[in-house]
Amino acid sequence: MNRRKFLQTSSALLASGAATAAPAGGRPNILILFADQYRLDCLGANGNRLIKTPNLDRLASGAANFSNAYVQAAVCVPSRISYLTGRYPHSHKNRVNYTPCDSREVMIQRMLRDNGYQTGSVGKLHFYPPTDEQARSTGFDRVYLDDGVQSTDPYSDYVRWRKEHDPKPDVSIYTPARNIPPGKNPFHSDVDYEFTPTHWTGMQTVKLLREFCASPKPFFLHSSFFKPHSPLVVSPPYDTMYDDADIPLPKLATLEEIRKLPLPVQKQIERAALYQIDRTRLEWMYRGYYGGISMVDHEMGQILDELERSGKAENTIVVFATDHGDQLGEHGLQGKNVLFEASVHIPMMVRFPNHVVAGKYSQLIGAVDLLPTLLEFCGVPVSDHVQGQSFASLIAGNADRYTPREAVYCENIIPEVFAPPASKGKSSYHPFVPGQGVEGILHPDAKMIRTKRWKLNYYPTCDGELYDLENDPGETRNLWSDAGTADVLRDLKGTLLNWLITADQNDQIAERWLV
């Protein structure tokens with residue numbers, strides 16, 4: 001090691017402090033409880049008085065519960081890879097679903113395995129190819145897969161298990177039952193609950209958790225549920241749990257309002273035409289979504305109970321998070337793929353008994369910040385290539401050592417949403433023409449910056465969106481062209497540009513270049 005390298009390494013170790021020192025009692029375990037497409041407002045602990053989430057509410061009572069956490073991509077795979085690498089989508093380059101991750105990207109499971117951890121994953125990973133071998137190549141020792149998409153069924157451990165155990169294995173888990181009486185939940189499923197992917201994920205997680213807890217080695221266990229992601233089919237008793245609930249519904253967007261949005265957003269909304277949906281149908285969609293959440297909550301409760309029985313709960317960091325939210329009719333959309341709050345503003349909790357001060361935290365947090373936080377608590381050094389910012393000191397009672405973020409960022413590129421081949425008659429799934437783009441959109445990408453008050457969504461060659469979230473939390477008044485906010489727009493554009501230029505500086509200015 002030469003003198004320059006020695007000084008760089010020594011300075012990094014001194015600066016990280018607790019990040020390099022193993023906690024008293026040995027390195028903690030990590031249990032990730034992940035749900036897919038979970039809205040911020042769908043937790044009792046976050047103020048929803050209708051939804052039944054007793055187990056996640058129990059977790060929240062002893063956890064740091066973040067009210068301003070944001071994902072770095074508004075769709076599954078890019079967001080998940082940002083969690084696992086601590087890096088932004090434009091850096092790890094997983095920009096759309098069903099694309100392989102760059103093999104040079106190092107994920108948290110490998111970082112921890114290289115530091116003596118047992119590593120395991122149960123449920124949805126959404127890697128490509130969607131195989132056990134691919135998952136293991138990223139650093140997982142034990143893998144039980146179910147991505148919840150019919151095209152990945154040949155690789156699903158759940159599908160194989162169900163064929164062996166369910167007396168009705170041919171009943172679809174993806175579609176509602178037939179002949180549902182009028183006035184009853186149109187998303188009722190004839191699959192018995194004990195054979196659903198949700199129950200299988202919980203059951204398999206409990207089994208693997210029990211095995212990991214029997215070992216003296218610390219563990220990293222990633223348990224990922226497909227629900228409440230659509231399809232919204234739910235099995236008894238969850239299909240009737242919210243039949244009598246008067247769930248507040250979002251205001252329907254008009255075509256006139258939609259046509260005022262930037263062209264990429266217009267095309268995304270018009271593709272599904274949910275803005276024309278019948279209100280009764282929308283109410284049942286919410287009931288199905290709520291039912292799926294209560295299913296997940298039940299299974300997460302079983303996992304937390306097993307952790308308590310193991311005696312390892314006191315030395316286990318438990319994280320609850322999601323890859324993005326769901327519009328559920330807001331702005332005329334279901335799903336995500338946009339930068340509205342319902343898609344990118346997500347629930348996140350971190351519990352670590354005797355280390356994390358429980359309570360509500362309103363600071364801006366990015367999903368990329370979770371990885372360096374966990375590594376700091378585990379005493380594992382953080383690579384220079386990680387772009388997130390640890391918030392360990394914030395939630396450990398040392399807020400004076402934490403520098404709050406001034407902004408969080410999100411990225412969105414989904415070419416297929418602009419020209420679906422079924423409706424356009426295209427032979428190519430991504431009819432992108434270099435230099436011309438996709439049907440009038442030069443480059444179907446967007447960048448978001450969100451500060452305490454403002455949000456800017458920037459689209460190349462299109463008008464953008466600027467919202468004053470303090471005075472317009474529903475994002476109904478786009479101030480992009482408002483003369484009174486011209487200075488705000490200019491400043492946000494400058495901050496966004498600075499982020500894009502500097503985010504990759506540790507990749508681009510390599511140590512081997514320094515002389």
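See the structure shown above.
Since we're looking at a predicted model, the values are computed, not measured. (Residues numbered from 1 in each chain as written. Predicted model: local features only at pLDDT ≥ 70, side-chain atom pairs only at ≥ 80, totals over all residues. Heavy atoms only, no water.)

Asker: Before we go on, may I ask you to explain the overall build of the protein chain in this structure?
Answerer: If you tally the helices and strands in the protein chain, you get 17 helices and 13 strands. The buried share among the 515 residues of the protein chain stands at 57%. Within the protein chain, residue pairs in contact and separated by at least 24 positions form 70% of the contacts whose partners lie at least 6 positions apart. Accessible area for the protein chain stands at about 21,800 Å²; split by element, carbon and sulfur atoms hold 52% of it. (Helix = DSSP H or I, 4+ residues; strand = E, 2+ residues; numbered from the N terminus. Buried < 20%, exposed > 50% of the residue type's maximum accessible area, 1.4 Å probe, protein only. Contact = heavy atoms within 4.5 Å. Areas by Shrake-Rupley, 256 points an atom, 1.4 Å probe, with all protein chains shown as cover.)

Asker: How do you make sense of helix H11 (residues 279-310) when you look at a structure like this?
Answerer: Note that an α-helix has 3.6 residues per turn; residues three or four places apart therefore point the same way. Compared with an ideal rise of 1.5 Å per residue, which puts 32 residues at 46 Å, H11 spans 47 Å between its outermost C-alpha atoms and is within 8% of the ideal. The buried fraction of H11 amounts to 23 of the 32 residues, a majority that puts the element mostly inside the structure. (Expected span 1.5 Å × (residues − 1).)

Asker: Where do I start with the pairing of strand S10 (residues 408-413) in this structure?
Answerer: Regular strands place side chains that alternate from one sheet face to the opposite one. Burial analysis of S10 places 6 of its 6 residues in the buried class, the great majority of the element. The two faces of S10 match: Val 408, Cys 410 and Asn 412 on one face and Tyr 409, Glu 411 and Ile 413 on the other face are all buried. The sheet contact formed by S10 and strand S11 (residues 445-450) spans 6 bridges and is antiparallel. Each bridged residue has a counterpart across the sheet, and for Asn 412 the counterpart in S11 is Ala 446. (Pairing = 2+ DSSP bridges.)

Asker: Explain the packing of aromatic side chains here, please?
Answerer: Two aromatic rings are characterised by how far apart their centres lie and by the angle between their planes. Considering all chains together, one arrives at 17 aromatic pairs under this definition. With a centroid separation of 6.5 Å and an interplanar angle of 85°, the aromatic rings of Tyr 88 and Tyr 409 are classed as edge-to-face. With a gap of 321 residues between them, Tyr 88 in the loop between helix H3 (76-85) and helix H4 (89-92) and Tyr 409 in strand S10 connect regions that are remote in the sequence. Seen in terms of ring centroids, Trp 161 and Phe 195 are 6.1 Å apart; in terms of plane orientation they differ by 40°. Their pairing is tilted. Remark: Phe 195 occurs in the loop between helix H7 (157-165) and helix H8 (197-213) and Trp 161 occurs in helix H7; sequence separation between them is 34 residues. Residue Trp 161 is classed as buried on the basis of its relative accessible area, which comes to 15%. By relative accessible area, Phe 195 is classed as buried at 9%. (Phe/Tyr/Trp six-rings, centres within 6.5 Å; stacked < 30°, edge-to-face > 60°.)

Asker: Explain the pattern of salt bridges here, please?
Answerer: Once their charged atoms are close, side chains differing in charge can pair, the charge on each being opposite to the other. Tallying each qualifying case throughout the model produces 29 salt bridges. Residue Asp 157 is joined to Arg 160 by a salt bridge in which the shortest nitrogen-to-oxygen separation is 2.7 Å. In this pair, Asp 157 and Arg 160 are both assigned in helix H7, 3 residues apart and thus about one turn of the helix distant. For Arg 160, a relative accessible area of 40% gives the class partly exposed. One salt bridge in this structure joins Arg 259 and Glu 270, with 2.8 Å as the shortest N-O distance. In this pair, Arg 259 is assigned in the loop between helix H9 (255-258) and helix H10 (263-272) and Glu 270 in helix H10, connecting sequence segments 11 residues apart. Classification of Arg 259 by relative accessible area gives partly exposed; the value is 48%. Classification of Glu 270 as partly exposed rests on a relative accessible area of 31%. Through salt bridges that share partners, Asp 36, Arg 80, Lys 124 and Asp 323 make up one connected network. (Salt bridge = Lys/Arg side-chain N within 4 Å of Asp/Glu carboxyl O.)

Asker: Quick question: what am I supposed to make of H7 here?
Answerer: Residues Tyr 158, Val 159, Trp 161 and Arg 162 constitute the buried set of H7. Buried residues of H7 fall within an arc of 160° about the axis and therefore sit on the same side. Turned more than 90 degrees from where H7 packs its buried face, Lys 163 and Glu 164 sit exposed. Buried residues along H7 sit against strand S4 (142-145) and H8. In this structure Ser 156 caps H7, since a side-chain oxygen of it lies 3.2 Å from the backbone nitrogen of Tyr 158. (Arc of directions from axis to C-beta. Polar contact = N/O pair within 3.5 Å; in protein donor to acceptor, adjacent residues only side chain to side chain.)

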